[in-house]
Amino acid sequence: MKTAKSGLLKNNFFKLTVVFFLVRTLVTGINGFAGSHLADYLATVPGVEIFGITKSRDSDLGNLLGVKSRVKLFACDITGKRKLKKTIQEIAPDFVLHLAGQANIPASWKSPNETFRSNVLGTLNLLEAINDSGTDPKIHLASSSEVYGKVKKTELPVTEQSLLCPFTPYGESKAEMEFLGKYFHQSFGLKVFITRAFNHSGPRSQEHYILSDWSKQVALIEKGEKRFLSVGNLNTQRDFSDVRDVVRAYWLALKKGKAGEAYNVCSGRGIAMKEILSKIKCSAKVKISVKVDKKKFRPTDLKIIFGSNKKIARQTGWKPKINFDRTIRDNLDYWREKVR
């Protein structure tokens, strides 16, 4: 016969067991575009305790409104080694997903020193802090397709075996970040996993990215505050995914991938800018007039690039789930709300 005491002990044991198996998961740059979507995703994963690093106490936390109560935040500039080491020791994470850094390609040309300081020195500090902390977490480094640089059409789709030949300061900084990750994996046994995300978009993306730029302009046109949509080079093709699919890939690569390996995160096909423009115009609530602005052309623009996602699909089971039309609609709705 069960007693009230035995029932209470059983319930307490169950609670202790659940707490014991909580996975302490740290996201750097958690309040950014991808970081906030990763926090949203982790909040749906059972048994995950979420920790986040922001650059300062004054960092904008607007992207985290939906999950802020679930996240334990630490203000820490990753370019400062001492405080970062103390933060890692305090959190003692089981998983680390490193998304902090400078991700604006045009800005990397204007300020390459800051780009390398953030992306390379910041990653070095993080890896050293983990190595010195006595913890043994799985570490995800968010790299980029920009590490591949200029790819010939005959070499498409890009695979993980393709040559790394970046041609922007941002791409070079990400390649250096990867080399650091592999060095710490091979020399010190750190469990480092690398993803190379191709173009991705979704709500909260900064407006200097093309889909957000166009979506914001359309929202302003609908509001009557702008006359036409200003675009750049429409004769290019890129590989686009939804950010919510991309952050799920980050998690699966960490959970099911192989340490020391790199994984492309992409749709596996190129989509023309002209086609994207047509989709955005069809989703607009008013007729959209378009004007091509030569100032928006990039001198180093690739005509076409897309990747292969076979490796990550084979090893982790990941595949894109969100249709690109939904990505466009959600982008437009986000900017309509922003400019309202």
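Please read these numbers as outputs of a predicted model, since none were measured by experiment.

Draft legend 1. Structural context of the nonpolar core. Grouped together as the largest cluster of nonpolar side chains are 32 residues, with contacts concentrated most on Leu-97 and Tyr-250. Put simply, the parts of the chain that give this core at least two residues each are helix 2 (33-42), strand 2 (48-54), strand 4 (95-98), strand 6 (191-197), helix 8 (243-256) and strand 11 (262-265). A total of 9 residues in this core trace back to one element, the largest contributor, which is helix 8. Among all residues touching Leu-97, those that are not within four sequence positions of it are Thr-25, Leu-26, Val-27, Thr-28, Leu-38, His-140, Tyr-250, Trp-251 and Leu-254. Counting residues in hydrophobic clusters, the runner-up holds 25 residues, among them Leu-26, Ala-129, Ile-139 and Leu-141.

Draft legend 2. Looking closely at the environment of Gly-122. Note on placement: Gly-122 falls in helix 5 (residues 112-133). For Gly-122, a relative accessible area of 0% translates into the label buried. Placed 10 residues apart in sequence, Gly-122 and Asp-132 show a C-alpha to C-alpha distance of 15 Å. Non-local contacts of Gly-122, meaning those with residues more than four positions away in its chain, are made with Ile-78, Leu-84 and Arg-117.

Draft legend 3. View of the sheet that holds strand 11. Here we have 7 strands laid out as an open sheet, ordered 3-2-1-4-5-6-11, and parallel in their pairing. Both outer strands of the open sheet, strand 3 (71-75) and strand 11, are each paired with one neighbouring strand and no more. Adjacent strand axes in the sheet meet at a mean angle of 20° when their direction is disregarded. Across 4 bridges, the pairing between strand 6 and strand 11 is parallel. Residue Thr-195 lies in a different strand from strand 11, and its bridge partner there is Tyr-263.

Draft legend 4. Up close: the pattern of salt bridges. Per the stated rule, a full pass over the model turns up 19 salt bridges. Here Glu-49 ties to Lys-72 by a salt bridge, and the two come within 2.6 Å at their closest N and O atoms. Of the two residues, Glu-49 sits in strand 2 while Lys-72 sits in strand 3, which places them 23 residues apart along the sequence. Overall, the relative accessible area of 16% leaves Glu-49 in the buried class. The shortest N-O distance in the salt bridge between Asp-136 and Lys-191 comes to 3.1 Å. Of this pair, Asp-136 sits in the loop between helix 5 and strand 5 (138-144) while Lys-191 is found in strand 6, placing the two residues 55 residues apart along the sequence. Assessed through its relative accessible area of 52%, Asp-136 is described here as exposed.

Thresholds applied
- Residues numbered from 1 in each chain as written.
- Predicted model: local features only at pLDDT ≥ 70, side-chain atom pairs only at ≥ 80, totals over all residues.
- Heavy atoms only, no water.
- Core = buried A, V, L, I, M, F, W, Y, C linked by side-chain atoms within 4.5 Å.
- Buried < 20%, exposed > 50% of the residue type's maximum accessible area, 1.4 Å probe, protein only.
- Helix = DSSP H or I, 4+ residues; strand = E, 2+ residues; numbered from the N terminus.
- Contact = heavy atoms within 4.5 Å.
- Pairing = 2+ DSSP bridges.
- Axes fitted to C-alpha atoms, helices over the stretch in contact; angles between N-to-C directions.
- Salt bridge = Lys/Arg side-chain N within 4 Å of Asp/Glu carboxyl O.

What is shown is where atoms sit, not what they do.
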